[in-house]
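# Report on the structure
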Amino acid sequence: TFPPDQAFALARYNADGSLDSGFSGDGRLTTEFAGWSSHGEGVAVQADGKIVVAGGAIDTGGGVFDFALARYDSDGTLDSTFSGDGKLTTDLGDDDTAYAVAIQADGKIVVAGESVAGVGLVRYASDGSLDGTFGNGGIVTVVPTGSETGAYLGSAMTLQDDGKILVAGYRNHAELDLSDPYHPTYKTYFDFATLRFNVDGSLDTSFASDGIAVTDLGTDFDEAGGIVVQSDG
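Residues numbered from 1 in each chain as written. Predicted model: local features only at pLDDT ≥ 70, side-chain atom pairs only at ≥ 80, totals over all residues. Heavy atoms only, no water.

Glancing now at the packing of aromatic side chains. Evaluation of the coordinates by the stated rule reveals 1 aromatic pair. Here Lys87 stacks its cationic end above the ring of Phe33, 5.6 Å away from the centre of that ring. (Phe/Tyr/Trp six-rings, centres within 6.5 Å; stacked < 30°, edge-to-face > 60°. Lys NZ or Arg CZ within 6 Å of the ring centre and 35° of its normal.)

If you want it as structure tokens, here you go:
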């Protein structure tokens, strides 16, 4: 849970570590959304210097989190050309939080995170409107299917030069623990999960056969928190 009135918070520093007074007057700012609480998780800077922050905000109706974005001009003011007032929320279906944001070469904004039991991915036009050419009206969700159990979470993202989108995080799943035959229990494990999407939001089946690579590092809790692409791909 998050305390009431929690908000997006930003600070900008000069090269020597001092707060930059050219940013919001004193180098720092907070932004509240209409709901009970919000939190920023990922940040990206556009080529024009505008700053995009992604996270989650509790909606005013159901009391669950939605994807939340805010865009600022380089001086820290909210950018009114983005969604009318510089901020927006997107409901992916239930409890949703964005953890990573990236800017495409064409200015479109890609945001990744979690949506209930799966990875949530949303693409916006540069004005904050949902990009209808991506996924289902701009939104993609991926949840375990068939024989899979557990849930996915996307906590990091990067864009390839060819426009494909890589999301890293984890898949959790439960296994029956019979170490005590009289009291069998289920134990939850986490493994690295990496998903690759085509530019239209579909899973790239040329990657790990179905677009999803799951890797067990040999411990109970393996979660990827960052991702980069090497020069050799």
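So, about the environment of Gly113. By the secondary structure assignment, Gly113 is in strand E8 (residues 109–115). For Gly113, a relative accessible area of 0% corresponds to the buried category. Along the primary structure Gly113 and Ser202 are separated by 89 residues, whereas in three dimensions their C-alpha atoms are 16 Å apart. Once you skip the residues sitting within four places of it in the chain, Gly113 turns out to touch Phe67, Thr97, Ala98, Tyr99, Gly118, Val119, Gly120 and Gly154. (Helix = DSSP H or I, 4+ residues; strand = E, 2+ residues; numbered from the N terminus. Buried < 20%, exposed > 50% of the residue type's maximum accessible area, 1.4 Å probe, protein only. Contact = heavy atoms within 4.5 Å.)

Attention now goes to the nonpolar core. The biggest cluster of nonpolar side chains holds 17 residues, and the ones touching the most others in it are Leu121, Val142, Met157, Ile165, Val167 and Phe197. Those elements that place two or more of their residues in this core are strand E7 (96–103), E8, strand E9 (118–124), strand E10 (139–142), strand E11 (151–159), strand E12 (165–177) and strand E13 (185–197). Broken down by element, the residue count for this core peaks at 3 residues, all from E13. Discounting residues that sit within four places of it in the chain, Phe197 has contacts with Leu121, Val140, Val142, Lys164, Ile165, Val167, Ser202, Leu203 and Asp204. (Core = buried A, V, L, I, M, F, W, Y, C linked by side-chain atoms within 4.5 Å.)

Glancing now at the sheet that holds E10. The strands that make up a sheet are held in pairs by hydrogen bonds between backbone atoms, and each pair lies either parallel or antiparallel. Strand order in this open sheet of 4 strands is E7-E8-E9-E10, and the pairing throughout is antiparallel. Strand pairing shows two members of the sheet lacking a second neighbour, E7 and E10, which therefore form its edges. Along the sheet, successive strands turn relative to each other by an average axial angle of 20°, direction set aside. Where E7 and E8 come together, 7 bridges link them in antiparallel fashion. The residue bridging Asp96 from the neighbouring strand is Ser115, located in E8. (Pairing = 2+ DSSP bridges. Axes fitted to C-alpha atoms, helices over the stretch in contact; angles between N-to-C directions.)

Geometry only, nothing functional implied.
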